[in-house]
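So you can see what is in the structure, the chains are spelled out below.
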Amino acid sequence: MRVAAGLIFAVSLCAPGVAWSQSAPPKPAAAAQTAPAPAQAAPTPAAPQQAAATQVQPARAPCNNPDALGVARTVEIDTTGGPGFGFEHFKELDFLRDHEVVLTFDDGPWVENTPAVLKALADQCTTGIFFSIGKHATYYPEILKQVYAAGHTVGTHTWSHATLTNKKLSEDQRKEEIEKGISAVKWALGGVSPAPFFRFPALQHPPEMVTYLGTRNVAIFSCDLDSFDFKAKNAQQVIDVTFKKLDKLGKGIILMHDFHKHTAEALPEMLRRLKAGGYKVVAMRAKAPVESLPQYDQELMKEDVKLPTVSQRPVSSVVTTVSQ
Ligand SMILES: [Zn+2]
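Residues numbered from 1 in each chain as written. Predicted model: local features only at pLDDT ≥ 70, side-chain atom pairs only at ≥ 80, totals over all residues. Heavy atoms only, no water.

Caption draft 1: Just the state of the cysteines, in detail. Considering all chains together, one arrives at one disulfide under this definition. A sulfur-sulfur distance of 1.9 Å marks the disulfide that ties C63 to C125. Looking along the S-S bond of the C63-C125 disulfide, the torsion reads about 85°, which is the right-handed sense. Here the residue C63 occupies a position in the loop between β2 (7–8) and β3 (73–77), and C125 occupies one in the loop between α1 (113–123) and β6 (129–132), the gap between them amounting to 62 residues. A residue is classified by how much of its surface remains accessible, and C63, at 41% relative accessible area, is partly exposed. (Disulfide = S-S within 2.5 Å. Helix = DSSP H or I, 4+ residues; strand = E, 2+ residues; numbered from the N terminus. Buried < 20%, exposed > 50% of the residue type's maximum accessible area, 1.4 Å probe, protein only.)

Spelled out as structure tokens, the structure:
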């Protein structure tokens, strides 16, 4: 089926990450995930500050590991018209050379797992794209700030991880999922606009939203190979599945989840094997950030009651009289 922006997409092959309902409570963790309380009370979103007209992506720290995987090259993406990446759905932009990979991480930021992923990447002086869920960004803005500060690319992955092919959602609700996700990530980054890089939850691409993203000049990321880390029983399985596919394809955009524990555990070994196998990491940067829409920045402000906060606890559990 041909859609706007000249993109061709097919039936989803990469599998979903996690499935949240749009009305999920404010801890939309997968069932198996033990959802810890936020490290600190989630603040009420304040209006994002105006981002600087020209944003300079923070540089990665100098590399002190002579055997590091590193970054082979950095490509800048002009997202005008909403180009699509990832051969599972988009066949036109074949920019990776043999043995080149792009590391992508979905569904964060999340406690422990995202910091562990950041450490593994830092130890190997390499980088990836993080497709953040808006709600999670509001839970853990400090973790998302660390992702950005480390020089990684931050994209978006809707507000609540709703599957946008769900017929129960109106067109306005689908747009809101996309736009409020962008507004939330911008808020979490202290007013810094994310990259105009978007991944549909469960890689379900409704044609009208593909068209819409084209009008917003937001690039769409499918993948070339799915690690199926959300299905893995342990870290080794994440590694085995990934390399079985990668060694067959020889290159590709790899879909993983910094949200998942097994991925965080697998990543150090996975990066070592990439290096040993002669693979090279490509960094993807956007030519310009995405501009959030004021309407959805304001919608985000209404979410404060849904954000986790200690005020949801009864007073008696917070304040105890110990002496009079
Ligand atoms: Zn996801």
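Caption draft 2: Looking closely at the packing of α1 against helix α3 (residues 141–149). For the pair α1 and α3, interaxial distance at closest approach is 10 Å and the crossing angle is 15°. Considered as vectors, α1 and α3 are oriented roughly parallel to each other. As α1 runs across α3, the sense of the crossing is left-handed. For the pair α1 and α3, the contacting residues are T114, P115 and L118 in the first and I143, Q146 and V147 in the second. By residue class, the composition of the contact of α1 with α3 is four nonpolar, two polar and no charged. (Axes fitted to C-alpha atoms, helices over the stretch in contact; angles between N-to-C directions. Parallel < 35°, antiparallel > 145°, perpendicular 65-115°, else oblique. Left-handed = near helix turned anticlockwise from the far one by under 90°. Contact = heavy atoms within 4.5 Å. Nonpolar A, V, L, I, M, F, W, Y, C, P; charged D, E, K, R; others polar.)

Caption draft 3: Looking closely at the packing of aromatic side chains. What the rule picks out here adds up to 11 aromatic pairs. Both rings, one in F131 and one in F221, keep their centres 5.3 Å apart while their planes meet at 50°; by these two values the pair is tilted. One end of the pair, F131, is in strand β6; the other, F221, is in strand β9 (residues 219–221), and 90 residues separate them in sequence. Feature note: the residues F85, F95, F131, F197 and F221 constitute an aromatic cluster, connected by ring pairs. Its end group placed over the ring of F243, R273 keeps NZ or CZ at 4.4 Å from the ring centre. (Phe/Tyr/Trp six-rings, centres within 6.5 Å; stacked < 30°, edge-to-face > 60°. Lys NZ or Arg CZ within 6 Å of the ring centre and 35° of its normal.)

Caption draft 4: Quick look at the coordination of the zinc ion. Each protein donor to the zinc ion is listed here as D107 (OD), H157 (NE2) and H161 (NE2); together their distances run 2.1 to 2.2 Å. Here the donor residues for the zinc ion map to a single chain with the spacing D-x49-H-x3-H. (Donors = N, O, S within 2.8 Å, 3.2 Å for Na, K, Ca; no water.)

Caption draft 5: Geometry of the packing of helix α4 (residues 171–188) against helix α8 (residues 294–301). Axis separation between α4 and α8 bottoms out at 8 Å; the angle between their running directions is 75°. By the angle between their directions, the pair α4 and α8 is classed as roughly perpendicular. Contacts between α4 and α8 involve K175, E176, E179, K180, S183, A184, K186 and W187 from the former and Y296, D297, E299 and L300 from the latter. Residue composition of the contact of α4 with α8, by class: four nonpolar, one polar and seven charged.

Caption draft 6: Layout of α4. Helix length check: α4, at 18 residues, gives a terminal C-alpha distance of 26 Å against a target of 26 Å (1.5 Å per residue), a fit within 8%. With 13 of 18 residues buried, α4 lies mostly within the body of the structure. Directly beyond the C-terminal end of α4, a positive phi value near 70° is found at G190. (Expected span 1.5 Å × (residues − 1).)

Caption draft 7: Local environment of unusual backbone geometry. Between G108 and P109 the backbone carries a cis peptide bond, its omega angle lying at 0°. Mapped onto the fold, P109 is located in the loop between β5 (100–106) and α1. Positive phi is not limited to glycine here, since E112 has a value of about 65°. Mapped onto the elements, E112 comes out in the loop between β5 and α1.

Caption draft 8: Molecular detail of the environment of I77. Checked against the element boundaries, I77 lands in strand β3. Excluding residues that lie within four positions of it along the chain, I77 makes contacts with P83, F85, F197, M284, R285, A286 and K287.

Caption draft 9: Here's a closer look at α3. Among the residues of α3, those classed as buried are P141, I143, L144, V147 and Y148. When α3 is viewed along its axis, its buried side chains cluster within an angular range of 160° and face the same direction. Contacts made by the buried residues of α3 are with α1, β6, α2 (134–139), β7 (153–156) and α4. (Arc of directions from axis to C-beta.)

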